[in-house]
Amino acid sequence: MPEPEVYDTRHRHSDSSGDPRHDSYSSSNGGLLRKATGNRSAANRRLPEPPRGAGLPASPRPTTPSSRNEPVWEPTYDSPSSYEPTYDTLRSYGTGRETRRPTSPPDTHHHHSSHQSLDVPAAIIYTTISSQYNASSQPRYDPYPGSSSSSQVEPGPSFMAPPDASSSGYFDKHQHRNIAVNGTTSQDYQITPSPSSSAPPPPKVYYVPHPEPLSPSSDQYYDDGPSNMLRDIANYSHSQDFDEADGEYWEDEEEGEENFVNFSLLSHLAVQLKDKVPRGTHVKGSIPYPRAFTGKDIVSTIQSLIQRELAINLRMSTNDRRAALQVARSLQSQLYFYEVEWGGRVLQDGVEDRGASDAPPVSEELPTGVVTMLTKCYVATCVDETPCYSYSCPRRGTSILGPVHAPKPDWPSTVPKETIIHKIINKEDQYLADLDTVENDFIRPLRRADPPLIEPVSKLEDFIDAVFGNILDLRECNRRLLEVMYVRQREQQYVIQRIGDVFLEAATVDFRLAYPIYIGNYPLAEKRLKEEEESNPDLRRFFEQCARHTSREGEENIYLNLKHFLNRPSEHLQKYPVFLEAIYHETAHGNPDGDYLLQAIEAIKNLQSAAQLRTFQIAMGKGAPGKWEWHDMVSADLRKSLSKEDAKRQAIIFELIKGEMAYVKDLENIEIMYIQPLRNADTPIMDPGKLNTFIDDVFHNFKELGVHHRRLVEKFHEIQRDEHPIIRSVTAPMFDAALHFRDAYMEYIPNYPIAAYRIDNEMATNPAFKEFVEKCVRHPDAHRLDMKNFINRPIPRLLRYELLLKGVLDETPAGHDDKRDIPQVLEVIKSIGKDTEPGVVSAKQKVELWRYSSYLIFKHGETVDMDLLDQHRSLIHSGKLLRQPDSGLEWNGWSELFVLLFDNYLVLTKPKEKDGVTYYYVNRRPTPLDLLTLVNFSDPPTQRSAGLLRGLRGERHTEGPNGTPGVSSPESSADARAVYPCTLHHNGRMGGPYILYAETAQARAEWKQKLEEALVIRKVVQESNKVFEIETLSADTFLIPSMLGGPASPPAAWNQENSLTGKVTCSVPFNTADGRGLVAIGCAEGVWIGFRHDPKSMRRVLHLKLVTQCAMLEEFGLFLVLADKSLFAYHIEALVPSSPTVSHASQVPQKLSGAKDVHFFSIGTLHGRTLVVYMKKKGVIIFRVLEPVGDKINERVKAPGGFGSRLGFKSAKSEWFRIYRDFFLPSESFDLIFLKANIAILCAKGFEIMNLNEFKSVTIPRVPDDAKFASLAKRCDSCRPIGMFRSAEDEFLLCYDEFGLFVDKHGDPNRATTAVEWEGTADRVALHMPYILLFDSRFIEVRRLETGRLVQIIPGNDVRCIWDGRGVNLNNPVTSPPTNGAADDEDMVQDAQVHAVMNSTETGPRTMARAVAQHVFELLPTVPLYNPGALNSSQSYSPPASPHLRASMSWRS
């Protein structure tokens, strides 16, 4: 093995003879120089005196100076192997000092401007040793450089370290300022070495000795050091006398050092190089040489100086070191440094030439010459960065060195084993320094930044973890590796014989987990860094500032950004196999280290494969790694070794795993792309009250799916890490996942039609949401897919499982476990799809129903709320039927209708398409199934003819029985088709019989079946979920003659038989003083009282005729009765004594009105007063307001004599009441209602709201005088008002006999659906919060108060309301608004608030043969199985909870 070459630096003595050792080399092109200041700690160390005789001194030889104004010479080439360069000597005339200006080494932590003073490191302060050379060898001062005395330059002093550098005080730090240096030297010399010299060639290892210090009295003593040499040159002037004592003549401190250094001059490069080349103790031939350096050290230093010139002026790569190598060889040829053993090899850019020591200098002169590669363009106007017109402009990048050829190094033949190991150690050391830089220059400053660059702290730590990952763990792993190599180096005396086991242990133990994790996470770290820098300019500037502190030793001006350091582990790991293979080739055959090296190489390659796999796994289908296939991640040799079936099987397994990763990523993106932006939008995208419901309905349980599939991906990744690239099976985790995610898919898949509908509907009605969805399509992770595609992902994924598993099964060899297991997995997955089909069908029907709800178009003012969005609503059947219009004026005489049969309504529509959407125009008011009767589906078919065309030909329709169209004339039989009639009957106010026609008998039979089925379902559902149920108060007590069963019976027919009672007209429940719950029922024959819920307890207590109204004032114990238009007051104790000993109760009633002129009365409270108001009519309608007098009521009185007392009544002047007010109203009145502060009189004009204190009134509703409200105003004038109820805090529902109208507190209509049409003609209306009950003679309609939606129909015969909830509880519910503005079933009073009567269809044991029993009942609220109320925006599609049963109130005992 050749000895390493060690170089020493010294200067030449000038003598009269040439020295053959001074071989000439051409100078090379330049590079980049950036100014960096500060002290390097290593440069300040005191170095010991070098050993004597380490280098051979050169013979002095004379030099011939040239003229000062002589141009710079380029080297002359005499032969391909030898040429004579010109040398640039920098000498300060007048002082004789050479201009060797040291530069300060960079400090990565402090940047100084160009005008700041810099400290010169102690290790590079040079002084001359006066005792070593006589005066004749000292340079002379020549104040007149143009004279003959300056034509000959005598040799200057040698430079070396002082004898006792550690104790001397000569190493003083001085501040040095920027100086100006001309582009050319002050004096140029051309020296041609003698070709006849037989001296050995100069050495290749370099040594720069320290100069000997001068005494203070010496002419050459300058306390400012060699750095002032260049200053002397820059400031020399012919016209001024040089004042040696004047040190204040440098004024320009604003410009940088780079402005005064010409890197095309070899002398300038020499000065820079001497101060910056790193020195250390190197061993050569078992001899240590202190302050020595290697060939790589000097080339790297020169490269760091000239690379700026290379990059900017010459357009060359900064990695091209050929120019630096040529410059180094030129310096070597002039003995600026030499090999310590004076070897003859040419200097190489490597560590093989190593070892150097200080030695006495050969000459004081600097090397001279012009580096033509580094010269700038000769064109004076070439100042821009772009090339000029010159063909040879350096900025064109046409280097005279030619293109870079990078042949593969022949390690075995050129580099010994220990040299490669040494290089590995150096690389490892540099790598650790870079990892230290990451922590010191990036992580720590980022954490300590004030103010913080990322807030809060948790987010900062998350950013650091995401970007830097486990890079510090890598540092510890490599630090342990380096320590082991250092130990091995010390143990084996610098010649390491075995290194493979060290790397094998590191690769299999320390690196095994750390490097794959880091490298795999690097793409995401790079993306996170980029995103954060784009969104955080302060962070970007911070990292740019940190990068200025990252220059390496010897590369002070090379700034490396954070991305470079983050990518270092990946680059470093890739270099290990190259170095280890080189070491293996240098390892002797049979050496055990060879086996270790091969295993280490294989282990590291496996690490690279594991890192690639980790990169793929962490990508989760994103970026370039996410698109890798199986063949991209395995070597070609491995693919060739597998059979075609095995390779295809592995590719399918890989595709299964890759698809699963992308699927999980899409599920995660649902939360990132849609849910979070919807919730966190600054401007709400949709109604906040609807948002949670929308998210639940659209995305449903996608998070549950994500949990299952994330777990499956983790299992897949674990299998990959253990078995890649040949995976045996993934069936086990797939089987386990299929069993676990089955229930989640059973819930998710049936919900998809609902989710898709909600998205479409929201986009159609919400422009902001549509814009949001379109914006999300452009998201990088959306792959140009919209929201519906994302929520649809789980459905095709199940199908994809089947396809991939079948593919794996087909390529699985016989005998493999997958042949048995995969069919079981396929069976489980198939069952999921099969079992979800019914739910999907049901959901599609529901969506279809909702679409009909959205696209149904009603005629103006005829909108019907059919509650189609209710969770339990369903579409039973739909199809085409025909109808013959009554007018017969349509073109063909027939209308094609699209009939929709819901589970609650039958709707006839005419479909029309507009803008690609089919709208359904309602042809006739929808018919509730509760009021639908199937009349006839068996009539014979009739002929459908051409209608109007037939009329034009003189043809006409013929009608058969029941008004059905008959067979048309024979003339039209040619153009006629048979149609099959279906006769239906609508029992409502706007109903009646109507006939529809089916085109075939089968269609008619199907419609009949579906209608019957719908009616049965409706009856069952209503029975199970009815709002009110009937509880009998009296079944057979009140009888009327059978001829009086109809509503048109004569009113006096009740007295034909004594046992008949006449029609029941009124009732009222009340409690006695002793707590008994009773009910009073009035009829034509008198008043009956009995216990509630005991029909047999009814007894007549008052024999009054034609009783029409009764009420109870429990607070005063009075019972009011209106009989035969006279109003009476009875003490309740007189009717139902609570005890025979009660003595203060009067047994004599009082008559509150005079003549028989009272039409109705009403009781209530107003401003804390209990009032009774009755209306009497004697030509003029007068209202009298009475107030009960409590003292008089409870006062014991005697029965007065006279005619009235003998009849059982007191005089007309009542003592129990006093008159409070009297007023009249010039309009026919029907009822009076107490409000909070006013009263409402229901009259022919509408609703008259009156203030009793001021007698001011206003009539509502106030219908706007507008054409679109003309029909509403007309209907309000023609219909009779029957009730008024508060539906919300500031809203009332005005009830007429045919419709209802919502108005605000001012009486103005306030809803778009102006009127709510009743199904029947209401005679009375009652309130039981939150429902109103409308009484038609054929049925009772139950509707929601706040919406008017029909929820129940109770059929009956001659149905009448006999108590509407008033007359007992003086806190009238009209004045109590619903809870929170909207009533709910949970607030519903569970006691009966309404009484009614209907004619019984059954004959009881006590019923006479010719009499009809009247069924008196109360309507009790039930606890429904689900809320039949409105599906408001805040409700979900899941069934609401049943309301809580409230405690019994008032009368029930």
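This structure is a prediction, so every number in the text was calculated from the model and none was measured. (Residues numbered from 1 in each chain as written. Predicted model: local features only at pLDDT ≥ 70, side-chain atom pairs only at ≥ 80, totals over all residues. Heavy atoms only, no water.)

A. Spotlight on the overall build of the chain. A tally of helices and strands in the chain yields 29 helices and 47 strands. Expressed as a percentage of the 1453 residues in the chain, the buried residues total 53%. Considering only intrachain contacts with a sequence separation of at least 6, the fraction spanning at least 24 residues in the chain is 71%. (Helix = DSSP H or I, 4+ residues; strand = E, 2+ residues; numbered from the N terminus. Buried < 20%, exposed > 50% of the residue type's maximum accessible area, 1.4 Å probe, protein only. Contact = heavy atoms within 4.5 Å.)

B. Representation of the sheet that holds strand E44 (residues 1350-1355) in the model. Taken in spatial order, the 4 strands of this open sheet run E41-E42-E43-E44, and their pairing is antiparallel. Pairing within the sheet leaves two strands with one partner each, and these edge strands are strand E41 (1324-1328) and E44. Strand-to-strand twist in this sheet, taken as the mean axis angle between neighbours without regard to direction, amounts to 20°. Of the pairings in the sheet, the one linking strand E42 (residues 1331-1335) to strand E43 (residues 1339-1344) comprises 5 bridges and is antiparallel in character. Bridge assignment links Leu-1334 to a residue of E43, and that residue is Glu-1341. (Pairing = 2+ DSSP bridges. Axes fitted to C-alpha atoms, helices over the stretch in contact; angles between N-to-C directions.)

C. Region of interest: the pairing of strand E46 (residues 1395-1399). Here E46 lies mainly inside the structure; 5 of its 5 residues are buried. Burial along E46 is two-sided: His-1395, Val-1397 and Asn-1399 facing one way and Ala-1396 and Met-1398 facing the other are all buried. Note: strand E45 (residues 1360-1363) against E46, 3 bridges, orientation antiparallel. Each bridged residue has a counterpart across the sheet, and for Cys-1361 the counterpart in E46 is Ala-1396.

D. A look at the packing of aromatic side chains. Scanning all chains against the criterion turns up 29 aromatic pairs. Look at Phe-769 and Phe-772: their rings are 6.3 Å apart centre to centre, the planes differ by 40°, and that puts the pair in the tilted class. Note that Phe-769 and Phe-772 are positioned in helix H19 (residues 767-777) at a spacing of 3 residues, about one turn of the helix. For Phe-769, a relative accessible area of 0% gives the class buried. Owing to a relative accessible area of 9%, Phe-772 belongs among the buried residues under this scheme. Aromatic pair Tyr-855 and Tyr-919: ring centres 5.6 Å apart, planes at 85°, arrangement edge-to-face. Of this pair, Tyr-855 sits in helix H23 (residues 837-855) while Tyr-919 is found in strand E15 (residues 917-928), placing the two residues 64 residues apart along the sequence. Pairwise contacts between aromatic rings join Tyr-674, Phe-694, Phe-699, Phe-702, Phe-769, Phe-772 and Phe-790 into one cluster. A cation over an aromatic ring shows up here: Arg-1280 above the ring of Phe-1230, its NZ or CZ 5.7 Å from the ring centre. It is Arg-1311 that lies over the ring of Phe-1302; its NZ or CZ is 3.7 Å from the centre. (Phe/Tyr/Trp six-rings, centres within 6.5 Å; stacked < 30°, edge-to-face > 60°. Lys NZ or Arg CZ within 6 Å of the ring centre and 35° of its normal.)

E. Structural detail: a negative patch on the surface. Together, Asp-696, Glu-704, Asp-743 and Glu-747 make up a negatively charged patch on the protein surface. Residue placement: Glu-747 occurs in helix H18 (residues 731-765). When its relative accessible area of 40% is taken as the criterion, Glu-747 is described as partly exposed. (Patch = residues over 30% accessible without salt bridge, like charges linked within 9 Å, V, L, I, M, F, W, Y side chains within 5 Å. Areas by Shrake-Rupley, 256 points an atom, 1.4 Å probe, with all protein chains shown as cover. Salt bridge = Lys/Arg side-chain N within 4 Å of Asp/Glu carboxyl O. Lys, Arg positive; Asp, Glu negative; His and termini not counted. Charge placed at Lys NZ, Arg CZ, Asp CG, Glu CD.)

F. Structural view of the sheet that holds strand E32 (residues 1217-1224). Ordered in space as E29-E30-E31-E32, the 4 strands form an open sheet in which the pairing is antiparallel. At either margin of the open sheet sits one strand with a lone partner, and together these are strand E29 (1158-1166) and E32. Each strand axis lies, on average, 25° off the axis of its neighbour in the sheet, ignoring direction. As judged from the 8 bridges shared by E29 and strand E30 (residues 1169-1178), these two strands associate in the antiparallel manner. The residue of E30 that forms the bridge with Thr-1165 is Thr-1170.

G. Focus on the environment of Glu-1013. Relative to the elements of secondary structure, Glu-1013 occurs in helix H25 (residues 1001-1024). On a C-alpha basis, the gap between Glu-1013 and Ile-876 in space is 8.6 Å, while along the polypeptide they are 137 residues apart.

H. Just the side chain of His-1395, in detail. The topology assignment puts His-1395 in strand E46. Within polar-contact distance, the side chain of His-1395 engages the side chain of Ser-1067 at 2.9 Å. With residues near it in sequence (within four places) discarded, His-1395 still touches Leu-1033, Ser-1067, Pro-1069, Val-1079, Cys-1361, Ile-1362, Trp-1363, Phe-1417 and Glu-1418. (Polar contact = N/O pair within 3.5 Å; in protein donor to acceptor, adjacent residues only side chain to side chain.)

I. Molecular detail of a nonpolar patch on the surface. A cluster of nonpolar side chains, Val-1180, Ile-1182 and Phe-1224, forms an exposed patch at the surface whose accessible area comes to about 260 Å². Positionally, Ile-1182 belongs in strand E31 (residues 1180-1188). Classification of Ile-1182 as partly exposed rests on a relative accessible area of 30%.

J. Spotlight on the nonpolar core. Core analysis: the largest hydrophobic core is formed by 67 residues, its most contacted members being Phe-699, Met-734, Phe-741, Phe-769, Phe-772, Met-787 and Tyr-801. In this structure, Ile-421, Ile-425, Phe-511 and Ala-514 belong to the second largest nonpolar core, which totals 58 residues. (Core = buried A, V, L, I, M, F, W, Y, C linked by side-chain atoms within 4.5 Å.)

K. How the structure looks around unusual backbone geometry. For the bond from Asp-450 to Pro-451, the omega torsion is 5°, close enough to zero to count as cis. Note that Pro-451 resides in the loop between helix H6 (417-448) and helix H7 (457-468). In this structure, Pro-1330 follows Met-1329 across a cis peptide bond, with omega equal to 5°. Of note, Pro-1330 is situated in the loop between E41 and E42.

L. Highlighting the pairing of strand E47 (residues 1411-1421). For E47, the tally of buried residues reaches 11 of 11 residues, placing the bulk of the element in the interior. In E47, alternate side chains face the same way, and those of Ala-1411, Ala-1413, His-1415, Phe-1417, Leu-1419 and Pro-1421 on one face and Val-1412, Gln-1414, Val-1416, Glu-1418 and Leu-1420 on the other are all buried. Alignment of strand E20 (residues 1028-1041) against E47, held across 10 bridges, turns out to be antiparallel. The partner of Glu-1029 across the bridge, within E47, is Leu-1420.

M. Broad picture of the pattern of salt bridges. One pass over the full model with this rule turns up 68 salt bridges. Ionic pairing is found between Asp-666 and Arg-793, a salt bridge with its closest N-O pair at 2.8 Å. With Asp-666 in helix H15 (residues 644-680) and Arg-793 in the loop between helix H20 (787-792) and helix H21 (794-811), this pair connects stretches of sequence that are 127 residues apart. Note on accessibility: Asp-666 and Arg-793 belong to one class, buried. Between Lys-1156 and Asp-1124 there is a salt bridge whose closest N-O contact spans 2.8 Å. One end of the pair, Lys-1156, is in the loop between strand E28 (1150-1151) and E29; the other, Asp-1124, is in the loop between strand E26 (1118-1123) and strand E27 (1126-1131), with 32 residues separating them in the sequence. Members of the salt-bridge network, linked through shared partners, are Asp-436, Glu-439, Arg-444, Arg-475, Glu-476 and Arg-479.

N. Here's a closer look at the state of the cysteines. This model, assessed by the stated rule, comprises 0 disulfides. Cys-1279 takes part in no disulfide bond, and the closest cysteine sulfur, belonging to Cys-1276, lies 7.5 Å away. (Disulfide = S-S within 2.5 Å.)

O. Seen up close, the environment of Leu-539. Within the secondary structure, Leu-539 is located in helix H10 (residues 537-547). Under the relative-accessibility criterion, Leu-539 is labelled buried at 0%. Separated by 87 residues in sequence, Leu-539 and Pro-452 have C-alpha atoms that sit 9.6 Å apart. The contact partners of Leu-539, leaving out residues within four places of it in the chain, are Leu-446, Leu-453, Ile-454, Phe-463 and Glu-532.

P. Broad picture of the packing of helix H16 (residues 688-699) against H18. Closest axis-to-axis distance for the H16/H18 pair is 7 Å, and the angle between their directions is 135°. When the axes of H16 and H18 are compared, the pair comes out oblique. Residue-level inspection shows Lys-690, Thr-693, Phe-694, Asp-697, Val-698 and Phe-699 of H16 in contact with H18, the latter providing Tyr-748, Asn-751, Ala-755, Arg-758, Ile-759 and Glu-762. The class makeup of the residues in the contact of H16 with H18 is 6 nonpolar, 2 polar and 4 charged. (Parallel < 35°, antiparallel > 145°, perpendicular 65-115°, else oblique. Nonpolar A, V, L, I, M, F, W, Y, C, P; charged D, E, K, R; others polar.)

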